[in-house]
Amino acid sequence: MPDDVDFTEVPHLQEMLSHLPINPEDEEDIVNYIKNITNLIAINYKYGQYQFAYFGVHLLYMTYIYCTAWKIGQIEPERYKDAIVFARSYNGREKDFKIEDPNSIFVYSLMPEKDIAKLFKIIELDNSQISMVGDLVDTRNDMAHASGKFEILNEESYDAKVSTIISSMDFIHRCMVRLIRKWYGQVLISFCKGEYEGYDNPKDVIIEQMIQTFKLSTNELLVCNEMSVSSLVTTHRGYEAKLKAFKKAVTAYCQEMGYI
């Protein structure tokens, strides 16, 4: 990205990035994908190409949708399997459509975008918000055709369109909180039981198992940090010291990275 382009000055971009994976380690190269899209948004915004900047914003939004669908499958595998009975791929992509056990978040790109939001019934996203995902897809599609005119011509229009996307992401995140807490509780107990072979330091579990493997976002990590371990201590008295030490390690990591 050119030195004179500062993505931190683009409205709402930091809010979007806080919903996306911090630093996943896998073969999908999600980090570079997000970085390249972020650069595209920043450059187009700087030079007043607001509609093209918005296209980049929508790509980040769909990346978030894919990540969330994947996480739902990891945390609630049985309900996920029931929900994907409806799933279908685009014509001609059936052989690549391994949604039952996706090895990549981008498997969801083979699926009609409006259908993905149906999975969010598992997290009790209401029908109006599920419809909102489809509406945002329609908005993007309407602007992507060669119509001879642009719909987003100024900062005010850009801000209004992106604010709607941020609102959708915030709603989905709030509905995901319950599942993230459930998953985090399982991580804590697994660590206490020694099920993470070779992991004695909580920080290693945070980085390698939570952030890299599970693709946690900043906002999701903060959910973990804010979650009390008192109920787990009550039901697992023998793990009290380890639970409290892990809790302190999460807080320390969040402080170290500047998240709190």
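You'll find the structure just up there.
For the structure given in this document, a descriptive report is provided here. No experiment lies behind these values; they were computed from the predicted model shown. (Residues numbered from 1 in each chain as written. Predicted model: local features only at pLDDT ≥ 70, side-chain atom pairs only at ≥ 80, totals over all residues. Heavy atoms only, no water.)

Some remarks on the pattern of salt bridges
Should the charged atoms of two oppositely charged side chains come close, the side chains can pair.
Right, on to step 1. Within the structure shown, the criterion is met by 7 salt bridges.
Right, on to step 2. Among the salt bridges present, the one from Glu113 reaches Arg140, with a minimum N-O distance of 2.5 Å. Placement of Glu113 in helix H5 (residues 113-116) and of Arg140 in helix H6 (residues 127-144) is noted, with a sequence separation of 27 residues between them. For the residue pair Glu113 and Arg140, the accessibility class agrees, reading buried in each case.
Right, on to step 3. Between Lys114 and Asp138 there is a salt bridge, and its shortest N-O distance comes to 2.7 Å. Remark: Asp138 occurs in helix H6 and Lys114 occurs in helix H5; sequence separation between them is 24 residues. (Salt bridge = Lys/Arg side-chain N within 4 Å of Asp/Glu carboxyl O. Helix = DSSP H or I, 4+ residues; strand = E, 2+ residues; numbered from the N terminus. Buried < 20%, exposed > 50% of the residue type's maximum accessible area, 1.4 Å probe, protein only.)

Observations concerning the environment of Thr164
Right, on to step 1. Residue position: Thr164 is located in helix H7 (residues 155-192).
Right, on to step 2. Accessibility expressed as a relative area gives 31% for Thr164, which makes it partly exposed.
Right, on to step 3. For the pair Thr164 and Lys203, spaced 39 residues apart in sequence, the C-alpha to C-alpha distance is 36 Å.
Right, on to step 4. The contact partners of Thr164, leaving out residues within four places of it in the chain, are Met132 and Leu136.
Right, on to step 5. One polar contact links the side chain of Thr164 to the main-chain carbonyl oxygen of Ala160, over a distance of 3.2 Å. (Contact = heavy atoms within 4.5 Å. Polar contact = N/O pair within 3.5 Å; in protein donor to acceptor, adjacent residues only side chain to side chain.)

A few points about the packing of aromatic side chains
Right, on to step 1. What the rule picks out here adds up to 13 aromatic pairs.
Right, on to step 2. Where Tyr45 meets Tyr50, the ring centres are 5.4 Å apart and the plane angle is 75°; that geometry is what we call edge-to-face. There is no split in this pair, since Tyr45 and Tyr50 are both buried.
Right, on to step 3. A ring pair is formed by Phe191 and Phe246, whose centres lie 5.2 Å apart and whose planes are at 65°; its orientation type is edge-to-face. Taken together, the residues Phe191 in helix H7 and Phe246 in helix H11 (residues 240-256) connect sequence positions 55 residues apart.
Right, on to step 4. Taken together through their ring pairs, the aromatic side chains of Tyr33, Tyr66, Phe106 and Tyr108 make up a single cluster.
Right, on to step 5. A cation sits over an aromatic face here: Lys46 above Tyr47, 5.8 Å from the ring centre.
Right, on to step 6. Lying across the ring of Trp70, Lys215 places its NZ or CZ 4.0 Å from the centre. (Phe/Tyr/Trp six-rings, centres within 6.5 Å; stacked < 30°, edge-to-face > 60°. Lys NZ or Arg CZ within 6 Å of the ring centre and 35° of its normal.)

Considerations on the packing of helix H9 (residues 218-226) against H11
Right, on to step 1. Packing of H9 against H11 leaves a shortest axis separation of 9 Å and a crossing angle of 140°. Taken together, H9 and H11 sit at an angle that is classed as oblique. Considering how the two elements wind past one another, H9 and H11 form a crossing that is left-handed. Every residue of H11 that contacts H9 at Leu221, Leu222, Cys224, Asn225 and Glu226 is listed here: Lys247, Val250, Thr251, Tyr253 and Cys254. (Axes fitted to C-alpha atoms, helices over the stretch in contact; angles between N-to-C directions. Parallel < 35°, antiparallel > 145°, perpendicular 65-115°, else oblique. Left-handed = near helix turned anticlockwise from the far one by under 90°.)

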